[in-house]
Protein chains: 2
Amino acid sequence: MTSWVPGADASLFGLDNLPYGVFSRDGGEPRVGVRIGDFVMDASAVAAYGGDPRDGPHLAAAWDHPSLNAFLALGRPAWDTARDWLVEVLGNEVHAERTAPHLHRVAEVSLHLPFQVADYVDFYCSLQHATNVGRMFRPDGDALTPNWRHLPIGYHGRAGTVVVSGTDVRRPTGQGRPGSDGGPPAFGPSRRLDIEAELGFVVGTPSTQGTSVSTGAYADHVFGVTPLNDWSARDIQAWEYVPLGPFLGKSFATSISPWVTPLAALDAARVPLPGQDPEPLPYLGVDGPAGYDIDVQIVLNGEVVSRPPYAAMYWSPAQMLAHLTINGASLRTGDLYASGTISGDEREQRGSFLELSWGGTQPFGSEGRTFLEDGDEVVLRATAAGVLGGRIALGEVAGKILPAG
Amino acid sequence: MTSWVPGADASLFGLDNLPYGVFSRDGGEPRVGVRIGDFVMDASAVAAYGGDPRDGPHLAAAWDHPSLNAFLALGRPAWDTARDWLVEVLGNEVHAERTAPHLHRVAEVSLHLPFQVADYVDFYCSLQHATNVGRMFRPDGDALTPNWRHLPIGYHGRAGTVVVSGTDVRRPTGQGRPGSDGGPPAFGPSRRLDIEAELGFVVGTPSTQGTSVSTGAYADHVFGVTPLNDWSARDIQAWEYVPLGPFLGKSFATSISPWVTPLAALDAARVPLPGQDPEPLPYLGVDGPAGYDIDVQIVLNGEVVSRPPYAAMYWSPAQMLAHLTINGASLRTGDLYASGTISGDEREQRGSFLELSWGGTQPFGSEGRTFLEDGDEVVLRATAAGVLGGRIALGEVAGKILPAG
């Protein structure tokens with residue numbers, strides 16, 4: 001299965017990938033695009049010309065929007081139909097002449113937030129991350145809270161500050177712990193600004209309030225995956241988070257990739273979970289390979305400083321979804337839920353600066369960094385096995401730190 | 001200043017109130033309405049006929065929507081213009097003949113969620129509530145966490161499960177603490193289902209990511225107020241909330257009134273805060289009367305079981321807003337933030353069943369209730385002094401408990 005698009009087969013964006021995004025050209029209206037090699041295909045324009053677009057008018061209309069939401073709302077059968085059609089259009093040379101005019105170089109278009117985020121939930125699914133944080137913050141107690149192995153812990157984040165890769169992030173200002181003299185809280189620009197390398201899962205098919213979604217219905221509701229950087233101000237977070245959880249330490253910005261990779265592109269990356277002990281309650285049970293073997297890289301100012309392995313995650317995306325809805329909470333098209341920081345067993349697999357520098361005590365990387373400095377740029381990359389035997393890339397997430405305002 | 005609308009002046013919905021909502025008739029399209037007495041006025045229909053609608057076409061277009069969001073987005077000058085015009089149209093008898101056909105009995109229309117909720121944040125602003133909860137949950141420690149008097153503690157809730165008054169609430173299912181034998185967590189329908197009597201504040205004017213909103217800009221951004229019931233499953237919450245805060249114990253449903261009362265209607269209800277010690281940091285400073293004297297009632301199956309006084313709240317809505325944005329988090333039209341449970345000094349002023357029953361140990365009311373039972377109906381009412389010397393009502397919030405699914 002090869003593509004007629006120049007360079008596509010040799011790239012990490014071949015026919016086995018085909019992530020969706022939203023792009024615009026020359027200040028025109030944003031619309032849905034599909035990534036192939038170094039190009040983005042104007043999806044509605046191609047679907048509209050009739051090049052074997054099974055269900056073409058339907059899809060063309062859904063793609064002629066400034067966000068993926070209309071397409072996401074169509075549900076699994078339409079997503080599968082669309083994928084079959086894309087493979088035909090971009091794989092069969094008979095379509096090349098009519099399709100090529102609707103391919104634009106990625107470097108020459110503007111990429112936008114790919115979907116309107118409805119609710120955003122952040123989980124805490126890495127045993128290694130939770131253990132590291134627990135050891136640092138509660139050195140005399142158990143590293144894990146008693147609930148950790150029984151449920152995927154999560155909390156709601158701020159949907160309105162989710163931004164697309166490439167958006168600069170202004171260093172947040174806020175309160176931190178008072179000094180030991182019992183004076184007023186510290187106040188000013190965060191001095192412990194951090195990242196969290198995560199994957200985000202994008203919900204397409206909604207559910208009804210008062211009902212729950214089983215782990216088995218995961219692929220009916222979730223459309224795809226995007227790398228995600230959960231920027232975190234550790235000093236703000238440490239002071240505010242007891243008893244109601246993280247708030248301003250997180251809510252200033254969360255970055256996602258411009259590209260959402262469909263679940264179908266990750267079929268060859270599915271792996272069993274590393275193991276759950278004790279066995280979770282029945283509503284959290286999963287059959288088969290519920291995890292994903294996705295390699296993540298954290299790149300700081302051009303240097304790879306960590307390689308977190310998604311395969312090490314304790315809780316799976318299907319379990320997060322089942323937990324999120326077991327109380328009857330409904331899903332909306334555009335809901336985004338994230339895995340929490342991905343950390344592996346090794347130091348160079350940790351997914352946050354907090355862990356990489358062990359609370360700021362062990363500088364890392366060639367620049368001897370502990371927390372983020374103004375001007376730093378962080379890029380998250382992720383790759384996985386594709387269904388054609390090679391590798392596919394999930395879209396990068398990049399962001400640069402601006403000084404406090 | 002009197003109204004020609006029959007019964008309006010003697011009601012709690014006179015010319016000094018004029019809350020906004022969204023209604024439909026006979027299955028037609030929902031649109032913006034204004035409450036006057038026992039009637040709802042079709043706002044865009046009246047504005048369109050030209051009865052002295054200063055800025056009429058503008059407002060008529062904004063009101064011809066199935067949510068308040070377009071009107072909310074117009075900002076403070078338009079809100080003030082609209083209010084002046086409503087007082088003219090509903091107060092000057094010269095408009096009666098042309099306006100009357102666009103008044104519909106509230107009892108004969110359907111009321112909808114008044115605005116699309118963007119992000120929902122819940123605060124924890126009552127000193128009495130936080131102290132009560134702290135004493136119950138941490139009997140051997142300080143009732144208040146060290147941060148409580150320095151910042152209004154808050155967290156994000158689920159915007160997608162905010163529902164309008166009258167929507168039934170299905171009892172949530174979930175995990176609770178394991179028994180003392182160390183077995184698996186409890187699982188099943190919540191057995192400690194509760195309410196929280198709160199006020200919600202509705203944001204109209206957005207702000208830019210990376211900037212903050214001062215306490216002095218509160219009335220430029222916040223359009224109005226709605227009573228809010230933050231339904232809470234205490235057993236689910238108690239097991240899940242450490243370390244990342246409440247999640248499924250809250251996310252199954254949050255009810256708001258169909259009516260949003262404009263800030264201008266609450267001018268006469270403004271009162272100084274009860275006092276803040278220590279003085280908060282400068283970004284949380286407020287001048288003048290930053291609180292509201294609003295009387296709330298909790299009605300359980302027709303019986304008033306508590307009368308929480310909003311005037312007792314420690315942190316003000318302007319301070320919540322300034323805190324919410326001090327890290328640069330942006331506001332969107334439709335953002336909703338709530339006060340947290342309103343509790344006064346007296347037992348019969350507590351704003352949750354958890355406090356009224358002191359953790360389930362002291363049944364209250366004529367039915368001897370501790371937590372909610374299936375079939376229970378809770379109504380929150382709220383009234384305040386109006387600018388004409390009488391009282392005004394904020395719209396009620398009602399909800400009935402359905403058995404677990």
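Keep in mind the model is a prediction, meaning the values are calculated, not measured.

Visitor: When you look at the overall build of chain A in this model, what are you seeing that I'm missing?
Guide: A count of helices and strands for chain A gives 10 helices and 24 strands. Here the C-alpha radius of gyration of chain A, 21 Å, is about what a compact globule of 405 residues would show, namely 22 Å. In terms of overall dimensions, chain A has a C-alpha envelope of 75 × 45 × 35 Å along the principal axes. With 405 residues in all, chain A has 62% of them scored as buried. Sequence-distant contacts in chain A: of pairs separated by 6 or more residues, those separated by 24 or more amount to 72%. On chain A, roughly 14100 Å² of surface is accessible, and the fraction owed to carbon and sulfur atoms is 48%. With 28 positive and 46 negative side-chain charges, chain A shows a separation of 5 Å between the mean positions of the two kinds.

Visitor: Hey, could you run me through the relation of the copies chain A and chain B in this one?
Guide: Note on the chain copies: they are related by a rotation about an axis and a translation along it. In screw terms, the move from chain A to chain B is a rotation of 180 degrees and a rise of 0.0 Å along the axis, fitting with an RMSD of 0.0 Å. Here the symmetry operator amounts to a two-fold rotation axis. Closest to the rotation axis within chain A is the C-alpha of Gly245 of chain A, separated from it by 2.0 Å. When the interface residues of chain A are mapped onto chain B, 100% of them are again interface residues, pointing to one common binding face.

Visitor: Hey, could you run me through the sheet that holds strand β2 (residues 31-36) of chain A in this one?
Guide: Either a parallel or an antiparallel arrangement is found when strands of a sheet pair, and the pairing is made through backbone hydrogen bonds. Residue and element names in this part refer to chain A. Taken together, 5 strands build an open sheet; the order of strands is β4-β3-β2-β1-β5 and the sheet is antiparallel. Edge strands, defined here as strands with exactly one partner in the open sheet, are β4 (103-105) and β5 (110-112). Averaged over all pairs of adjacent strands, the angle between their axes in this sheet comes to 45 degrees, without regard to strand direction. In the sheet, strand β1 (residues 20-24) pairs with β2 via 4 bridges, with the strands oriented antiparallel. Bridge pairing links Tyr20 to Val34 in β2. Sheet strands touched by helix α4 (residues 76-91): β1, β2, β3 (39-42) and β4. Its angle to β3, the strand with the most contacts, is close to 115 degrees.

Visitor: Help me understand the sheet that holds strand β2 (residues 31-36) of chain B in this model?
Guide: All names here are of chain B. What the 5 strands build is an open sheet, ordered β4-β3-β2-β1-β5; its pairing is antiparallel. Here the strands that pair on one side only, and so sit at the sheet edges, are β4 (103-105) and β5 (110-112). When the angles between neighbouring strand axes are averaged without regard to direction, this sheet yields 45 degrees. In terms of strand pairing, strand β3 (residues 39-42) meets β4 through 3 bridges, oriented antiparallel.

Visitor: For this particular structure, what's the right way to read the pattern of salt bridges?
Guide: In a structure, side chains of opposite charge can pair up when their charged atoms sit close to one another. All names here are of chain A. Scanning all chains against the criterion turns up 30 salt bridges over all chains. A salt bridge links Asp295 to Arg391; the shortest N-O distance between them is 3.2 Å. Residue Asp295 is found in strand β20 (residues 294-300), and its partner Arg391 is found in strand β24 (residues 391-402); the two are separated by 96 residues along the sequence. Note on Arg391: relative accessible area 35%, which makes it partly exposed. The salt bridge partner of Arg369 is Asp376, with a shortest N-O separation of 2.8 Å. Each member of the pair Arg369 and Asp376 is classed as buried.

Visitor: Please explain the environment of Val34 of chain A as it appears in this structure.
Guide: All names here are of chain A. Looking at the secondary structure, you find Val34 in strand β2. A relative accessible area of 0% places Val34 in the buried class. As a C-alpha pair, Val34 and Asn17 span 17 residues in sequence and 9.6 Å in three-dimensional space. Sequence-distant contacts of Val34, that is, excluding residues within four places in its chain, are made with Leu18, Pro19, Tyr20, Phe39, Val40, Met41, Ala43, Leu86 and Trp259.

Visitor: Hey, could you run me through helix α9 (residues 317-325) of chain B in this one?
Guide: At 3.6 residues per turn, the α-helix brings residues three or four places apart onto the same side. Residue and element names in this part refer to chain B. Of all 9 residues in α9, 9 are buried; the element is thus mostly enclosed. Among all positions of α9, only Pro317, Ala318, Gln319, Met320, Leu321, Ala322, His323, Leu324 and Thr325 are buried. Packing partners of the buried residues in α9 comprise β6 (120-123), β13 (197-203), α7 (218-221), β14 (222-229), β19 (291-292) and β22 (336-338).

Visitor: Quick question: what am I supposed to make of unusual backbone geometry here?
Guide: The general pattern is negative phi for most residues beyond glycine and trans for most peptide bonds. Cis rather than trans, the peptide bond between Val242 of chain A and Pro243 of chain A has omega equal to 10 degrees. Mapped onto the fold, Pro243 of chain A is located in the loop between α8 (234-240) and β16 (254-256). For the bond running from Asp277 of chain A to Pro278 of chain A, omega is 5 degrees, close enough to zero to count as cis. Note that Pro278 of chain A resides in the loop between β18 (270-271) and β19 (291-292). Residues other than glycine seldom take positive phi values, yet Leu18 of chain B does so here, at roughly 55 degrees. The residue Leu18 of chain B is located in the segment before β1 (20-24) in this model. In this structure Leu18 of chain B comes out as buried when scored by relative accessible area, which is 0%.

Visitor: Is there a simple way to explain the pairing of β13 of chain B in this structure?
Guide: Consecutive side chains along a regular strand alternate between the two faces of the sheet. All names here are of chain B. Among the 7 residues in β13, 7 count as buried, and that is most of the element. The two faces of β13 match: Ala197, Leu199, Phe201 and Val203 on one face and Glu198, Gly200 and Val202 on the other face are all buried. Pairing analysis gives 7 bridges linking β13 to β14, with the strands arranged antiparallel. Paired with Gly200 across the bridge in β14 is Thr226. By the bridge criterion, 3 bridges tie β13 to β22 in an arrangement that is antiparallel. Pairing of Gly200 across the sheet is with Ala338, part of β22.

Visitor: I keep staring at the nonpolar core and nothing clicks. Help me out?
Guide: Here is a general trend for soluble globular proteins: nonpolar side chains tend to be buried in one another's company. If you look at the biggest cluster of nonpolar residues, it comprises 146 residues, and the most contacted ones within it are Tyr337 of chain A together with Tyr337 of chain B. When residues no more than four places from it in sequence are discounted, the contact partners of Tyr337 of chain B are Val121, Phe123, Leu199, Gly200, Phe201, Val203, Tyr218, Val222, Pro317, Met320, Leu321 and Leu324 of chain B.

Calculation rules
Residues numbered from 1 in each chain as written. Chains lettered and ligands numbered in written order. Predicted model: local features only at pLDDT ≥ 70, side-chain atom pairs only at ≥ 80, totals over all residues. Heavy atoms only, no water. Helix = DSSP H or I, 4+ residues; strand = E, 2+ residues; numbered from the N terminus. Rg over C-alpha atoms; globule rule 2.2 N^0.38 Å. Buried < 20%, exposed > 50% of the residue type's maximum accessible area, 1.4 Å probe, protein only. Contact = heavy atoms within 4.5 Å. Areas by Shrake-Rupley, 256 points an atom, 1.4 Å probe, with all protein chains shown as cover. Lys, Arg positive; Asp, Glu negative; His and termini not counted. Charge placed at Lys NZ, Arg CZ, Asp CG, Glu CD. Least-squares fit on C-alpha atoms with pLDDT ≥ 70 in both. Pairing = 2+ DSSP bridges. Axes fitted to C-alpha atoms, helices over the stretch in contact; angles between N-to-C directions. Salt bridge = Lys/Arg side-chain N within 4 Å of Asp/Glu carboxyl O. Core = buried A, V, L, I, M, F, W, Y, C linked by side-chain atoms within 4.5 Å.

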